[in-house]
Amino acid sequence: QVQLVESGGGLVQPGGSLRLSCAASGIIFSTYVAGWYRQFPGKQRELVALVYSGGSTKYVDSVKGRFTISRDNAKNTVYLRMNSLKPEDTAVYYCKVTSPAVEYWGQGTQVTVSS
């Protein structure tokens, strides 16, 4: 059974930092592309960042220079370090792992940026 368990969300003040974690089980994690997505109220889920099996990364323009995605294949975990957080980063954040055949989503974790 495949599971993606996210953690690290919460309430943070503008300019603060959080680190999200997503631990995978039931898959050969190192062979999957791993990513973080977010969903604003009333909007569709959107890509935030991807990390490929080889370690290369991709970011949406709005988070470049502030967010860093990384993976630890030994721990089957993907991370999203978020710095300089803004109120407009407030959303539910989801991790996803993707192979050519399948994709799996985590349950989501709320990130709220507010003073």
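Bear in mind the structure is a predicted one, so any value in this text is a computation, not a measurement.

A word on the overall build of the protein chain
(1) Moving on: From N to C terminus, the protein chain includes 0 helices and 11 strands.
(2) Moving on: Element order for the protein chain, N to C, with α for helix and β for strand: β-β-β-β-β-β-β-β-β-β-β.
(3) Moving on: What you see for the protein chain is a C-alpha radius of gyration of 13 Å, in line with the 13 Å of a compact globule of 115 residues.
(4) Moving on: Seen through its principal axes, the protein chain has C-alpha atoms that stretch 40 × 25 × 25 Å.
(5) Moving on: Residues classed as buried in the protein chain amount to 40% of the 115 residues present.
(6) Moving on: For the protein chain, restricting intrachain contacts to residue pairs at least 6 apart in sequence, the fraction spanning at least 24 positions comes to 52%.
(7) Moving on: For the protein chain, the distance from the average position of its 12 positive side-chain charges to the average position of its 7 negative side-chain charges is 2 Å.

A closer look at the sheet that holds strand S8 (residues 77-82)
(1) Moving on: Taken in spatial order, the 4 strands make up an open sheet running S1-S3-S8-S7, and their pairing is antiparallel. Each having just a single partner strand, strand S1 (3-7) and strand S7 (67-72) make up the two edges of the open sheet. Put simply, the sheet's adjacent strands are angled 15° from each other on average, direction ignored.
(2) Moving on: Pairing geometry for S7 and S8, over 6 bridges, is antiparallel. The partner of Arg71 across the bridge, within S8, is Val78.

Remarks on the side chain of Arg66
(1) Moving on: Note that Arg66 resides in the loop between strand S6 (57-59) and S7.
(2) Moving on: On the basis of relative accessible area, Arg66 is assigned to the buried category, the value being 10%.
(3) Moving on: Within the structure, the side chain of Arg66 is placed 2.9 Å from the backbone oxygen of Ser62, a separation counted as a polar contact.
(4) Moving on: Excluding anything up to four places from it in sequence, Arg66 contacts Arg81, Met82, Asn83, Ser84, Leu85, Lys86 and Asp89.

About the cut-offs
Residues numbered from 1 in each chain as written. Predicted model: local features only at pLDDT ≥ 70, side-chain atom pairs only at ≥ 80, totals over all residues. Heavy atoms only, no water. Helix = DSSP H or I, 4+ residues; strand = E, 2+ residues; numbered from the N terminus. Rg over C-alpha atoms; globule rule 2.2 N^0.38 Å. Buried < 20%, exposed > 50% of the residue type's maximum accessible area, 1.4 Å probe, protein only. Contact = heavy atoms within 4.5 Å. Lys, Arg positive; Asp, Glu negative; His and termini not counted. Charge placed at Lys NZ, Arg CZ, Asp CG, Glu CD. Pairing = 2+ DSSP bridges. Axes fitted to C-alpha atoms, helices over the stretch in contact; angles between N-to-C directions. Polar contact = N/O pair within 3.5 Å; in protein donor to acceptor, adjacent residues only side chain to side chain.

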